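# Coordinate analysis (summary)
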Amino acid sequence: MSGLALAMFVGLFAWGQQIVGYDDPHGKVQLALLATFSFGLLIGYRANH
């Protein structure tokens, strides 16, 4: 499951503008994706320990 999440994150982070079609001239959507993924990793790690 974590491999699928990582693949989806990389795909959206790298090619999200072409796939989804959002307009992100200042990089705020990419920053939100990075923050969401990081928080998900942190919460997933803390839930397992």
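Structural data are supplied above this passage.
The present account deals with the structure reproduced in this document. Fair warning: this is a prediction, and the values are worked out from it, not measured in the lab. (Residues numbered from 1 in each chain as written. Predicted model: local features only at pLDDT ≥ 70, side-chain atom pairs only at ≥ 80, totals over all residues. Heavy atoms only, no water.)

## Considerations on the overall build of the protein
In terms of regular secondary structure, the protein is built from two helices and zero strands. Along the three orthogonal principal directions, the C-alpha set of the protein runs to about 40 × 20 × 10 Å. Looking at the protein as a whole, 8% of its 49 residues qualify as buried. Carbon together with sulfur atoms contributes 69% to the accessible area of the protein, which is approximately 4,200 Å² in total. (Helix = DSSP H or I, 4+ residues; strand = E, 2+ residues; numbered from the N terminus. Buried < 20%, exposed > 50% of the residue type's maximum accessible area, 1.4 Å probe, protein only. Areas by Shrake-Rupley, 256 points an atom, 1.4 Å probe, with all protein chains shown as cover.)

## Details of the packing of helix α1 (residues 2–19) against helix α2 (residues 28–48)
In contact at an axis separation of 10 Å, α1 and α2 are set at 165° when each is read in the N-to-C sense. By the angle between their axes, α1 is roughly antiparallel relative to α2. Once α1 is placed against α2, the crossing between them reads as left-handed. Residues A5, L6, F9, L12 and F13 of α1 lie in contact with α2, whose contacting residues are Q30, L33, L34 and F37. (Axes fitted to C-alpha atoms, helices over the stretch in contact; angles between N-to-C directions. Parallel < 35°, antiparallel > 145°, perpendicular 65-115°, else oblique. Left-handed = near helix turned anticlockwise from the far one by under 90°. Contact = heavy atoms within 4.5 Å.)

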